[in-house]
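Structural description and commentary
Take a look at the letters that make up each chain.
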Amino acid sequence: MNLKGRSFLTLKDYTPEEIIYLLDLAANLKAKKKQGITGDSLKGKNIALIFEKPSTRTRCAFTVGAADEGGNPTYLSGNEIQLGHKESIEDTARVLGRMFDGIEFRGFRQDHVEALARYSGVPVWNGLTDEYHPTQILADLLTMREHFGYLKGLKFVYLGDGRNNMANSLMIGCSKVGVDFVIIAPESLWPTEELIHLCEEYAKESGSSITVTDDVAAVENADVLYTDVWASMGEEDKAAERIAILAPYQVNAELMERTGKESTIFMHCLPAVKGKEVTEEVFESAASVVFDEAENRLHTIKAVMVATLGN
């Protein structure tokens, strides 16, 4: 499959077959790394890493992933370049595109990452925006497949803030690859009707389903319980209000038991606020695969760079 030259901005842009191809490539690159084998598919490639928002996993995964394949990553914090301040996004994109072979962007606005892709002329990868977090979803799907051996037919339940970038992106990714997807959230924090309808179309094609509810009883038979922080980056002022309305949606031992399955796993994109969206007990339990997910950010991000830019 040829993804050369493609940007990676949202999973809406990728077919189910292309998503599975990236997971297969990531699994292959992971197995090689475990054997001490790295590649040179990014040899001679210069990669810009733009970060308006701070990051642990995304920054480390792009840096190590590029270096593993012979690439040269350059970190650019938002306040070090003129991005949309003294210089338009379009002009910055055209400058960077002449100096770099690929660009990662982690920031606030989805239209900024899309403008970078449109004007730079090189592959651009979304390391997180307020709307989407597609590289995290690849890591999550790889982790689920490693754990269960398959994806199609799994029941995935996301609890908490149902209209943030994680909820949006998980709904897109799961519905495309045939995972039954459930959001349990208060109605004020449901995803947009437009996105729900789009994902229902994806689900129809893949033979899966989409459920949006405020009833925690919907965790029954779940293979995966997933949550994220209750106040996303830039929303810290809403923390008290969110704690008040989201407390009933905390992932705790009782909720894990309500799935009725001993095999249910707990997932979180990290960083977690333990004692809020998840209890320390569940986070540290044998059911928790959060650090497998964190590691898989490296292998899936490497796969995206190799597939879209590699030789």
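Just so it is clear, the model here is predicted, and its values are computed rather than measured.

1. Comments concerning the confidence of the model for the protein
With 100% of its residues at a pLDDT of 70 or more, the protein has an overall mean of 96. Per-element averaging of pLDDT across the protein places helix H8 (residues 239–246) at the bottom with 92 and strand S5 (residues 155–159) at the top with 99.

2. Considering the side chain of Thr279
Residue position: Thr279 is located in the loop between strand S9 (265–268) and helix H10 (280–283). Setting aside residues up to four positions removed in sequence, Thr279 forms contacts with Gln250, Val251, Asn252 and Ala253.

3. Quick notes on the sheet that holds strand S2 (residues 72–77)
Pairing is parallel in the open sheet, where four strands are placed in the order S2-S1-S3-S4. Here the strands that pair on one side only, and so sit at the sheet edges, are S2 and strand S4 (124–128). The average angle at which neighbouring strand axes cross in this sheet is 20 degrees, direction not considered. Note that strand S1 (residues 46–51) and S2 share six bridges and pair parallel. Paired with Ile50 across the two strands is Leu76, which belongs to S2.

4. A few points about the pattern of salt bridges
All chains considered together, the criterion is met by 14 salt bridges. Taking the shortest distance from any N to any O, the salt bridge between Arg109 and Asp111 comes out at 2.7 Å. A relative accessible area of 44% means that Arg109 is categorised as partly exposed. According to the relative accessible area criterion, Asp111 is partly exposed, its value standing at 38%. The salt bridge partner of Lys274 is Glu284, with a shortest N-O separation of 3.7 Å. Taken together, the positions of Lys274 in the loop between S9 and H10 and Glu284 in the loop between H10 and helix H11 (290–309) put the pair 10 residues apart, joining distant regions of the chain. One salt-bridge network, in which partners are shared between bridges, spans Lys33, Asp68 and Lys302.

5. Quick word on the nonpolar core
Judged by nonpolar contacts, the single largest core of 60 residues is most densely connected at Met144, Phe156, Tyr158 and Phe181. By residue number, the principal contributor to this core is H11, which donates eight residues. With residues up to four places along the chain from it excluded, the contact list for Phe156 reads Met144, Leu170, Cys174, Val179, Asp180, Phe181, Val182, Val224 and Tyr226. Of all hydrophobic cores here, the second largest spans 24 residues; its members include Val157, Leu159, Trp230 and Tyr249.

Basis of the calculations
Residues numbered from 1 in each chain as written. Predicted model: local features only at pLDDT ≥ 70, side-chain atom pairs only at ≥ 80, totals over all residues. Heavy atoms only, no water. pLDDT = per-residue confidence, 0-100. Helix = DSSP H or I, 4+ residues; strand = E, 2+ residues; numbered from the N terminus. Contact = heavy atoms within 4.5 Å. Pairing = 2+ DSSP bridges. Axes fitted to C-alpha atoms, helices over the stretch in contact; angles between N-to-C directions. Salt bridge = Lys/Arg side-chain N within 4 Å of Asp/Glu carboxyl O. Buried < 20%, exposed > 50% of the residue type's maximum accessible area, 1.4 Å probe, protein only. Core = buried A, V, L, I, M, F, W, Y, C linked by side-chain atoms within 4.5 Å.

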